[in-house]
Amino acid sequence: MTKPGPRDIAHLGNVELFTDKFDESLWFFNDLLAMREVARTGDSVYLRTWDDYENWSIKLTPRDQSGVGEVQYRASSPEALDRLVASIEAAGRGLGWGEGEHGVGRVYRFTDPDGHPQALYYDTEWYQATDDKPALKNQASRFPGHGVNARRLDHINYLGASVEDNAAFARDVLGLEDTELIQLDNGKIAAHWFHFQNKSYDLVYSADHTGSNGRLHHIAFAPDTREDILKAADIFLENGIHIESGPHKHAINQTFFLYVWEPGGNRIEFANAGARLILAPDWKPIVWTEAERKKGQAWGMQTISTFHTHGTPPVKD
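Here the structure is a predicted model, which means the values were calculated and not measured.

*Asks:* Explain the overall build of the protein here, please?
*Replies:* In terms of helices and strands, the protein carries five helices and 17 strands. When burial is assessed residue by residue, the protein has 52% of its 317 residues classed as buried. In the protein, of all internal contacts separated by at least 6 residues, the share reaching a separation of at least 24 is 68%. Just so you have it, the protein exposes about 13900 Å², and 50% of that area is on carbon and sulfur atoms.

See below:
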């Protein structure tokens, strides 16, 4: 069996988020982001963005500490799933097969070198709109028309004790291609961006300055336009949500962004990359130096200090 290739993962499927302020976090995703509750199991609530073709995007679970649970990716085909599973097992990071939830078929569970729980699947049910049927049949459901109108789950950025180890796993075991990275003057990699298909990035590893394992930097949602992100900033301001950084434009990958902390403390990004896609089959990763990154973001705003210190679960002093 051949090794997995750079297109064997189709997209980020869903994310479990832990929160120590469950009711407030549910309000944030449901009311402010206009995500729809589709199911409940035990203490967990499953929510979806309005144009996600699958049944759910986020599993929100109460815990005594906020953070990230299992993150699932959909394989591009049954054969791609087989290649990925074989590669993970050969690397000794597999945890085995299990049953999926709410329309997701069998999942194969594994961890990256940092210990983040992840899973792969192919079989899935498509969402069937009921009272939210769209006017245009090529949408998954009706445009909500309130709040931020998060259209899709876009990407995840993990904190890792070793960006190099996690990046090697993503490249050599999962078969992913990198698009951009930051290399410090001492040779260490501060952050590394990977993509699954033609988007500029889907998976990121950033250095955890605390040296901890298994933490989350952020997850990101994509609204339609930059203007939606500007309106989102006003919505969060009016509703007492902590705005950490932005709206502004990243230098790396040129994403127009806004970062906030949802009530449980998990960092959430709203990202719009415009028309920037990676179409070249022979793309060479862009390497940013420490001096270049010290210049700040695309329009000169300096990266806020908490971007390098805040993550979930929090690290106690």
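Read on, since the account is not over.
*Asks:* Honestly, the environment of Lys21 in this entry has me stumped. Any pointers?
*Replies:* In this structure, Lys21 sits in the loop between β1 (9-19) and α1 (22-32). Judged by its relative accessible area of 41%, Lys21 falls in the partly exposed class. Sequence separation between Lys21 and Arg83 is 62 residues; the distance between their C-alpha atoms is 39 Å. If near-sequence neighbours (up to four positions away) are discounted, Lys21 is found in contact with Pro263 and Gly264.

*Asks:* What am I meant to see in the pattern of salt bridges here?
*Replies:* Opposite charge on two side chains makes pairing possible when the charged atoms of those side chains draw close. For the structure shown, the criterion picks out 19 salt bridges. When the shortest N-O distance is used, the salt bridge between Glu164 and Lys188 registers 4.0 Å. With Glu164 in helix α3 (residues 163-173) and Lys188 in the loop between β10 (177-183) and β11 (189-195), this pair connects stretches of sequence that are 24 residues apart. Here Arg171 makes a salt bridge to Asp172, at a shortest N to O gap of 3.2 Å. Residues joined in a network through salt bridges with shared partners are Arg152, Asp154, Lys199 and Asp202.

*Asks:* Any chance you could explain the sheet that holds β1 here in plain terms?
*Replies:* Backbone hydrogen bonds hold the strands of a sheet together, and the pairing may be parallel or antiparallel. Here we have eight strands laid out as an open sheet, ordered β2-β3-β4-β1-β5-β8-β7-β6, and mixed in their pairing. One side of each edge strand has no neighbouring strand; the edge strands of this open sheet are β2 (36-41) and β6 (94-98). Adjacent strand axes in the sheet meet at a mean angle of 25°, parallel and antiparallel pairs treated alike. In the packing of α1 onto the sheet, the strands contacted are β1, β2, β3 (44-48) and β4 (58-62), and the crossing angle to β4 comes to about 160°.

*Asks:* Would you explain unusual backbone geometry in this entry?
*Replies:* For residues other than glycine, phi is negative in most cases, and the peptide bonds are mostly trans. Here the residue pair Gly246 and Pro247 is connected by a cis peptide bond, since its omega of 0° sits within 30 degrees of zero. Mapping Pro247 onto the fold places it in strand β14 (residues 242-249). The omega angle of the peptide bond from Thr312 to Pro313 is 0°, so this bond is cis rather than trans. Tracing the sequence through the fold places Pro313 in the segment after α5 (290-293).

*Asks:* Would you explain the pairing of strand β8 (residues 117-121) in this entry?
*Replies:* The side chains of a regular strand alternate, first on one face of the sheet and then on the other. Within β8, four of the five residues are buried, which leaves it mostly tucked inside the rest of the structure. Here four bridges tie strand β5 (residues 67-75) to β8, and the two strands are oriented parallel to one another. By the bridge assignment for β8, Tyr73 is matched with Leu120. Turn length for the strand β7 (residues 107-111)-β8 hairpin, with the two strands adjacent in sequence and antiparallel, is five residues, and the turn residue Gly115 shows positive phi of about 95°.

*Asks:* Which parts of the structure should I look at to understand the pairing of β11?
*Replies:* Taken across its seven residues, β11 has seven buried, putting it largely inside the fold. Bridge count for β10 against β11 is six bridges, and the pairing is antiparallel. Within β11, the residue paired with Glu177 across the bridge is His195. Turn length for the β10-β11 hairpin, with the two strands adjacent in sequence and antiparallel, is five residues, and the turn residue Gly187 shows positive phi of about 95°.

*Asks:* Is there a simple way to explain the sheet that holds strand β13 (residues 216-222) in this structure?
*Replies:* The nine strands lie next to each other as β14-β15-β16-β13-β9-β12-β11-β10-β17, forming an open sheet whose pairing is mixed. A strand with exactly one partner marks an edge of an open sheet, and here the two such strands are β14 and β17 (286-289). With strand direction ignored, the average angle separating the axes of adjacent strands in the sheet is 15°. Sheet topology note: the strand β15 (residues 256-261)/strand β16 (residues 267-272) ladder contains six bridges and is antiparallel. Paired with Phe257 across the bridge in β16 is Ala271. Sheet contacts for helix α4 (residues 226-238): β14, β15 and β16; angle to β15, the most-contacted strand, approximately 20°.

Definitions and cut-offs
- Residues numbered from 1 in each chain as written.
- Predicted model: local features only at pLDDT ≥ 70, side-chain atom pairs only at ≥ 80, totals over all residues.
- Heavy atoms only, no water.
- Helix = DSSP H or I, 4+ residues; strand = E, 2+ residues; numbered from the N terminus.
- Buried < 20%, exposed > 50% of the residue type's maximum accessible area, 1.4 Å probe, protein only.
- Contact = heavy atoms within 4.5 Å.
- Areas by Shrake-Rupley, 256 points an atom, 1.4 Å probe, with all protein chains shown as cover.
- Salt bridge = Lys/Arg side-chain N within 4 Å of Asp/Glu carboxyl O.
- Pairing = 2+ DSSP bridges.
- Axes fitted to C-alpha atoms, helices over the stretch in contact; angles between N-to-C directions.

Spatial relationships are all this shows, so hold off on functional conclusions.
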